[in-house]
Amino acid sequence: MHDARIPLLIDTDPGVDDALALLMAFADPRHHLVGLTIAAGNVGLRHTIANALKLCEVAGVEVPVFPGADAPLVHPARDAAYVHGRDGFGDTGYAPAARRAEAEHAALAILRLSHAHAGRLVLVALGPLTNLALALKLDPSLPQRVARCVVMGAAVTAHGNITPAAEFNIAFDPEAAHVVFSQFPRIELADWEAVLAHGFLHTDVERWLAADSARARFYAGISAHTRAWSRAGRGERWHAADALAMALALQPEGVLESVPRPLAVEVAGIHTRGATVVDWNRQTGQADNVDILLRYDQARFEGMIAAALAA
């Protein structure tokens with residue numbers, strides 16, 4: 001029988017943010033999660049794979065997990081263990097999942113699933129873009145089979161969060177980001193600056209996390225470290241970057257404002273490596289290759305988070 005749900009493939013580096021986005025995907029009845037492809041990023045690949053498997057187990061979700069790139073394409077990069085904990089999940093010392101990852105490499109899985117779901121696949125990238133870049137190098141026709149490509153990454157006016165000018169996912173592997181942004185004809189972009197405009201009050205987050213569910217209890221534990229870090233450094237609102245990208249992916253009807261523009265990734269630059277340069281005035285004559293999310297329905301977004309945690 002034909003599955004009417006929308007096929008969803010998530011490339012991710014869990015990470016506490018990613019975990020919240022994955023719980024949103026798990027809870028969404030309109031989408032069918034066909035795979036998780038895993039990269040290094042927030043922490044090393046060994047941890048990001050273990051975290052993905054554990055989250056599936058906690059949520060009672062059977063979705064294949066495909067290990068991918070363990071490092072950027074060219075230059076080494078530093079991770080974000082200081083935000084997410086050394087293991088990426090707040091160093092709670094959880095018991096590892098019983099299930100193992102698949103043998104197939106993430107880049108190959110992306111290509112195979114793009115054929116299996118050609119024309120319908122929604123591809124959501126929540127981490128560094130290394131796996132997508134590898135897939136594009138193996139098969140440049142990939143974008144022709146992807147219905148939508150949603151990316152969490154970039155800082156569209158260069159207010160970076162890992163360097164003065166660059167956002168973490170792009171800065172971790174700028175070469176990969178360059179490949180992806182130059183080969184996908186249109187990417188729906190949830191950038192760091194949009195994330196900062198869609199924060200949650202810590203008091204609301206704590207209320208959602210008090211839900212009587214295995215998901216909420218697990219998430220409360222793994223996010224305690226990063227929420228404390230955020231409260232100390234960023235104030236009354238907590239920002240979950242990957243969750244915003246997932247809201248955009250799952251419920252695009254929640255977009256209140258977005259703008260199309262050309263975007264290029266700086267791969268050199270003394271101060272700007274990893275910066276995402278938006279041609280706001282369309283001076284270069286390049287085609288628009290991103291739709292930049294500016295405003296998303298905040299009540300809808302918060303409702304999706306609360307529902308995902310209570311599921």
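What comes next concerns the included structure.

1. Remarks on the side chain of Thr130
Structurally, Thr130 can be placed in helix α5 (residues 130-138). Overall, the relative accessible area of 2% leaves Thr130 in the buried class. For Thr130, the contacting residues outside a window of four places in its chain are Ala69, Ala71, Pro72, Leu73, Asp173 and Ala176.

2. What to know about the pattern of salt bridges
Under the counting rule described, the total for this entry stands at 15 salt bridges. In this structure, the salt-bridge partner of Arg145 is Asp139, at a minimum N-O distance of 2.9 Å. We note that Arg145, like Asp139, is buried. Residue Glu188 is joined to Arg148 by a salt bridge in which the shortest nitrogen-to-oxygen separation is 2.8 Å. Of the two residues, Glu188 is situated in strand β6 (residues 187-190) and Arg148 in strand β5 (residues 146-152); the sequence distance between them amounts to 40 residues. With respect to burial, Glu188 and Arg148 carry one shared label: buried. Counted as one network, the salt bridges with shared partners bring together Arg30, Glu253 and Arg300.

3. Observations regarding helix α1 (residues 16-26)
Here α1 lies mainly inside the structure; 11 of its 11 residues are buried. For α1, the set of buried residues is Val16, Asp17, Asp18, Ala19, Leu20, Ala21, Leu22, Leu23, Met24, Ala25 and Phe26.

4. A short note on unusual backbone geometry
Residue Gly15 is bonded to the preceding Pro14 through a cis peptide linkage, with omega at 5 degrees. Relative to the helices and strands, Gly15 is located in the loop between β1 (6-12) and α1.

5. A word on the layout of surface pockets
Taken as a whole, the largest pocket spans an internal volume of roughly 350 Å³. Asp17, Val83, His84, Asn161 and Trp192 are, among the 24 residues lining the largest pocket, the residues nearest its centre. If you list the elements that add at least two residues to the lining of the largest pocket, you get α1, α3 (81-84), α6 (168-172), α10 (214-234) and α11 (241-250). Considering every element that reaches the lining of the largest pocket, the biggest residue donor is α10, with four residues. For the lining of the largest pocket, the class distribution of residues is 11 nonpolar, seven polar and six charged.

6. Side note on the nonpolar core
Ile10, Met24, Phe26, Leu36, Tyr219 and Met246 are the most contacted members of the largest nonpolar core, which has 63 residues in total. Non-local contacts of Tyr219, meaning those with residues more than four positions away in its chain, are made with Val16, Asp17, Ala19, Leu20, Leu23, Leu209, Trp238 and Leu309. In terms of nonpolar packing, the next biggest core, distinct from the first, is built from 38 residues, Leu142, Val156, Leu263 and Val290 among them.

7. Examining the packing of aromatic side chains
For the structure on display, the rule yields nine aromatic pairs. Both rings, one in Phe168 and one in Phe172, keep their centres 5.8 Å apart while their planes meet at 45 degrees; by these two values the pair is tilted. Of this pair, Phe168 and Phe172 both sit in helix α6, four residues apart, which is roughly one turn of the helix. For Phe168, a relative accessible area of 8% translates into the label buried. Grouping aromatic residues by their ring pairs yields a cluster made of Phe200, Trp208, Tyr219, Trp238, Tyr296 and Phe301.

8. Side note on the packing of α5 against helix α7 (residues 174-183)
Packing of α5 against α7 leaves a shortest axis separation of 8 Å and a crossing angle of 60 degrees. As far as their axial angle goes, α7 and α5 are oblique. Note that α5 runs across α7; the crossing there is left-handed. Note on element contacts: α7 touches α5 through Ala176, Val179, Val180 and Gln183, opposite Thr130, Leu132, Ala133, Leu136 and Lys137. Taken together, the residues of the contact of α5 with α7 break down into six nonpolar, two polar and one charged.

9. Some thoughts on helix α2 (residues 45-59)
In an α-helix, one full turn covers 3.6 residues, which means residues spaced three or four apart are oriented alike. Along its 15 residues, α2 runs 21 Å from first to last C-alpha, staying within 8% of the 21 Å computed at 1.5 Å per residue. All buried positions along α2 are accounted for by Leu45, Thr48, Ile49, Asn51, Ala52, Leu53, Lys54, Leu55, Cys56 and Ala59. On the buried face of α2, the contacting elements are α1, β2 (31-38), β3 (65-67) and α10.

Rules behind the numbers
Chains are numbered independently. Their residues run from 1 in the order of the written sequence. Residue-level local features of this predicted model are given only where pLDDT is at least 70; pairs of side-chain atoms are given and counted only at 80 or more, and the full residue set underlies all totals for whole chains, interfaces and linings. Each side-chain value is derived from all of the structure's non-hydrogen atoms; neither hydrogens nor water enter the calculation. Secondary structure elements follow DSSP: runs of H or I no shorter than four residues count as helices, runs of E no shorter than two count as strands, and numbering proceeds from the N terminus. Exposure classes here rest on a 1.4 Å probe applied to the protein chains alone. A residue is buried below 20% of its type maximum, exposed above 50%, and partly exposed in between. The criterion used for residue contact is that any of the two residues' heavy atoms lie within 4.5 Å. By definition here, a salt bridge exists when the distance from a side-chain nitrogen of Lys or Arg to a carboxyl oxygen of Asp or Glu is within 4 Å. Here a cavity denotes a set of grid points, spaced 1 Å apart and computed over the protein atoms alone, in which a 1.4 Å probe fits but from which it cannot get out, and a pocket denotes an open set meeting protein on both sides within 12 Å along at least five of seven lines; residues with an atom within 4 Å of a point are reported as lining. Grid points are joined across faces, edges and corners, and a volume is the space filled by probe spheres set on the points. Each residue gets one of three labels, nonpolar for Ala, Val, Leu, Ile, Met, Phe, Trp, Tyr, Cys and Pro, charged for Asp, Glu, Lys and Arg, and polar for the others, Gly among them. What is meant by a nonpolar core is a set of buried Ala, Val, Leu, Ile, Met, Phe, Trp, Tyr and Cys residues, joined one to another through side-chain atoms within 4.5 Å. Working definition: a ring pair exists when centres of Phe, Tyr or Trp rings (six-membered ring for Trp) sit within 6.5 Å. Plane angles under 30 degrees give stacked, over 60 give edge-to-face, the rest tilted. Where helices are involved, their axes are fitted lines through C-alpha atoms of the stretch in contact, as for all axes, and angles between N-to-C directions lie from 0 to 180°. Oblique is the label for any angle not covered by the other classes, which are roughly parallel (under 35 degrees), roughly antiparallel (over 145) and roughly perpendicular (65 to 115). Less than a right angle of anticlockwise turn of the near helix away from the far helix marks a crossing as left-handed, whereas a clockwise turn marks it as right-handed. By this rule the span expected of a helix is its residue count minus one, scaled by 1.5 Å.

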